[in-house]
Amino acid sequence: MLHLLFGYEEGPPVWVRIIPHCRPSVNNGVLVGDLDDALLDRVGLLAPPA
């Protein structure tokens, strides 16, 4: 599982949880979505699980 924090020029930061091999794989408590396997692999390279 990965937790990413996105910051924006305006508004509060937003946490997003990504759970590989789970559908939906992306969830922030309000919105959900899916990443395809290739994009999940790339995100994993940028932010490996602790």
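Every value quoted in this text rests on a predicted model; they were computed, and no experiment measured them. (Residues numbered from 1 in each chain as written. Predicted model: local features only at pLDDT ≥ 70, side-chain atom pairs only at ≥ 80, totals over all residues. Heavy atoms only, no water.)

## Thoughts on the overall build of the protein chain
A count of helical and extended segments in the protein chain gives one helix and four strands. For the protein chain, the proportion of its 50 residues judged to be buried stands at 20%. Within the protein chain, counting contacts between residues at least 6 apart in sequence, those at least 24 apart form 15% of the total. In the form shown here, the protein chain has an accessible surface area of approximately 4,100 Å², with 61% of it arising from carbon and sulfur atoms. (Helix = DSSP H or I, 4+ residues; strand = E, 2+ residues; numbered from the N terminus. Buried < 20%, exposed > 50% of the residue type's maximum accessible area, 1.4 Å probe, protein only. Contact = heavy atoms within 4.5 Å. Areas by Shrake-Rupley, 256 points an atom, 1.4 Å probe, with all protein chains shown as cover.)

## A few points about the pairing of strand 2 (residues 14-18)
Here strand 1 (residues 2-6) pairs with strand 2 via five bridges, running antiparallel. Bridged to Leu-2 within strand 2 is Ile-18. Inspection of the sheet shows strand 2 paired to strand 3 (residues 26-27) by two bridges, in the antiparallel sense. Each bridged residue has a counterpart across the sheet, and for Arg-17 the counterpart in strand 3 is Asn-27. (Pairing = 2+ DSSP bridges.)

## Looking at the confidence of the model for the protein chain
With 94% of its residues at a pLDDT of 70 or more, the protein chain has an overall mean of 86. Ranking the elements of the protein chain by mean pLDDT puts helix 1 (residues 37-46) last, at 84, and strand 4 (residues 32-33) first, at 92. (pLDDT = per-residue confidence, 0-100.)

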